[in-house]
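Structure at a glance
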Amino acid sequence: MSSKGNTNGEEESPSLPSQKICCDKCHGEGSIPSRKRRTKKQKREYQLAKENGLPLPPLPPPTMEPCQVCSGTGLVDMRNSDIDLHPKVKEGTHIGIIGAGIGGMALALACEHRNIPYTLYERDESFDERSQGYGLTMQQGGKALQALGLATTGNDRLLGKGIHSKRHIVYLPDGTQVGEWGMKKWGREGKTKDAKRQNAHIARQELRRLIYNQIQDKSRICWGHKLKSYSEEEDAANMIFQDWQKTTIKQQASIIVGADGIRSVVRKQKIGEEASPMRYLGCIVILGIAPCPQSSDLTSDNESVFQTADSITRLYAMPFAKRGKETAGAAKFENVETGQGETMWQLSFPMDEKDAIELSKKGPIALKDEALRRCGEWHIPIPQLLQTTPEQLISGYPVYDREVLEDEMFRSGTSNAQRVTLLGDAAHPMSPFKGQGANQALLDAVLLARALYTVFRDRNSEKSESIDISLEDALKVYEHEMLKRSKPKVKASAEAAHFLHTELAIQEGDITRGAANAKSTSN
Ligand SMILES: Cc1cc2nc3c(=O)[nH]c(=O)nc-3n(C[C@H](O)[C@H](O)[C@H](O)COP(=O)(O)OP(=O)(O)OC[C@H]3O[C@@H](n4cnc5c(N)ncnc54)[C@H](O)[C@@H]3O)c2cc1C
């Protein structure tokens with residue numbers, strides 16, 4: 001199928017077998033059907049039907065329990081094994097993944113664990129073409145990180161790279177506290193210390209690097225490949241790329257996965273732009289990364305998340321990099337207190353779409369001026385945080401999402417795309433205000449890899465009888481689950497883009513602003 005190659009000019013790493021592989025017992029699912037017998041009630045019903053010659057009640061669907069062999073992660077370590085335990089996959093299988101963001105990178109790793117051949121195509125010339133970007137909060141995505149072999153529990157989560165925040169505080173611009181939640185508060189109230197309650201924060205690029213570093217065979221990543229279009233044949237999909245010299249490159253795969261973000265070329269061709277166009281959510285986000293101001297506990301402790309709002313403008317700040325750890329370079333640019341850790345701030349406010357596009361185009365100096373104009377007199381440490389942010393680490397975007405897709409739109413589409421699917425922002429872009437996009441992309445990647453393995457796994461050597469599953473059926477199941485899970489997140493993220501810029505953001509109460517919104521709408 002597709003040729004492999006590293007167009008990045010990097011030294012090619014030899015093709016090493018993955019050290020983690022999917023578990024043979026649960027086939028990488030992490031769970032197996034429970035051997036629990038029928039309940040007494042079910043047994044009685046069965047007996048009664050049998051005695052009375054009635055149709056026997058159907059067997060209840062199997063409940064699932066964590067696989068003991070892999071402790072529920074779906075992965076086992078084969079470093080100490082002498083035998084080749086690599087899973088066998090049907091010949092001719094090859095996945096073309098478009099886009100090496102968090103979602104595409106995670107899918108590549110999950111395919112490698114399953115020995116599913118793939119090529120990852122990315123339009124950027126190299127891994128580090130873009131800057132660090134912004135910080136992510138890991139929530140449900142933690143489960144996917146475990147399934148990718150990147151996290152266990154507690155402080156080991158994110159292989160020690162994450163920061164775990166312990167309190168979340170809400171302020172008015174004059175510094176009056178109106179809400180607080182998080183671990184320290186629960187601790188003070190004498191409740192049990194619950195490590196799981198901590199949110200883990202990590203820079204987007206750092207998380208991407210963690211996943212990238214786990215990929216053994218880097219020659220499967222083709223940098224500088226911008227997808228222009230695709231077409232399908234009965235048993236393959238063709239892709240047309242352009243490299244940086246605008247040279248056309250043709251490749252083939254058995255299926256194509258569009259992980260190419262909110263402006264996805266794959267989605268445009270598969271679903272059509274008119275079916276769910278970009279939707280402006282009425283506000284702009286300005287982001288910056290600064291050396292942690294030492295003038296306040298809020299930033300110097302590297303453990304607090306806070307938001308300050310005046311019912312229109314909102315500033316959210318979270319730990320971005322630990323003291324002495326890999327940073328976005330804020331400390332370096334300022335050349336003061338190097339190594340003190342970094343804070344990411346995210347300022348947002350309602351704005352007309354045209355004005356928001358114009359402001360973001362003006363660049364960092366104008367964005368910083370706007371931030372200082374709005375919040376330069378707010379409580380400590382906000383003015384310092386804004387002032388010390390290097391211009392290189394300031395960016396601004398109008399906020400968009402798209403209407404959620406329905407299952408049928410995936411399997412019909414403008415092209416009759418049966419060999420093409422989507423994940424992450426390409427499938428369900430959402431506003432950043434609930435911190436969910438990357439979490440959902442990670443969950444999609446694991447779900448899809450599992451679905452593909454049910455199709456492409458070579459079942460010949462399996463002892464128990466198993467039925468072949470068609471690609472179309474597996475994709476339908478994947479798309480259904482993915483949409484069901486992400487739909488409420490898209491909706492809640494769009495709502496948050498609105499209510500976080502109203503009085504609700506500063507309502508008194510030790511509850512999350514999402515909970516405050518839910519309470520107000522239920523009243
Ligand atoms: C300010 C901000 C804060 C956020 N905070 C959080 C948070 O706290 N928690 C959270 O979970 N999420 C958060 N998100 C959302 C999250 O970052 C995204 O949802 C997530 O990164 C999506 O990952 P993805 O892989 O689907 O897409 P992307 O990260 O957009 O990656 C797409 C990739 O595809 C490549 N590409 C695009 N077109 C092509 C093409 N034609 N050919 C080849 N390659 C192509 C791109 O270069 C890119 O590398 C935030 C987003 C923003 C903007």
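As shown above, the structure is provided for reference.
First things first, this report covers the structure right here in the doc. (Residues numbered from 1 in each chain as written. Predicted model: local features only at pLDDT ≥ 70, side-chain atom pairs only at ≥ 80, totals over all residues. Heavy atoms only, no water.)

All right, on to the site of the ligand then. In the neighbourhood of the ligand, 33 residues make up the surrounding shell, with Glu122, Tyr134, Thr137, Asp425 and Ala438 lying closest. The separation between an oxygen atom of the ligand and a polar side-chain atom of Arg204 is 2.9 Å. The separation between a nitrogen atom of the ligand and a polar main-chain atom of Leu227 is 2.9 Å. Starting from 1000 Å² of accessible surface for the ligand in isolation, the protein chains cover 90%. If you list the elements that add at least two residues to the shell around the ligand, you get helix H2 (102-113), strand E7 (135-138), strand E13 (226-232) and helix H13 (437-456). Residue composition of the shell around the ligand, by class: twelve nonpolar, 13 polar and eight charged. (Near = heavy atom within 4 Å. Polar contact = N/O pair within 3.5 Å; in protein donor to acceptor, adjacent residues only side chain to side chain. Areas by Shrake-Rupley, 256 points an atom, 1.4 Å probe, with all protein chains shown as cover. Helix = DSSP H or I, 4+ residues; strand = E, 2+ residues; numbered from the N terminus. Nonpolar A, V, L, I, M, F, W, Y, C, P; charged D, E, K, R; others polar.)

Okay, the pattern of salt bridges next. Side-chain pairs of opposite charge can arise where the charged atoms are in close proximity. Tallied over the entire structure, the rule returns 15 salt bridges. Note that Arg279 and Glu403 form a salt bridge whose closest N and O atoms lie 3.0 Å from each other. Residue Arg279 is located in strand E17 (residues 278-291), and its partner Glu403 is located in the loop between strand E21 (394-402) and helix H12 (407-411); the two are separated by 124 residues in the primary sequence. Overlapping salt bridges bring together Arg279, Asp401 and Glu403 as one network. (Salt bridge = Lys/Arg side-chain N within 4 Å of Asp/Glu carboxyl O.)

Let us now look at unusual backbone geometry. For residues besides glycine, phi is generally negative; the peptide bonds are generally trans as well. Note that the residue after Ile380, namely Pro381, is joined by a cis bond; omega there is 10°. Within the secondary structure, Pro381 is located in the loop between helix H10 (364-375) and helix H11 (382-387). Here the phi dihedral of Ser311 falls at roughly 85°; this positive angle occurs in a residue that is not glycine. One can find Ser311 in the loop between strand E18 (304-309) and strand E19 (314-321). Judged by relative accessible area, Ser311 falls into the buried class, the value being 15%. (Buried < 20%, exposed > 50% of the residue type's maximum accessible area, 1.4 Å probe, protein only.)

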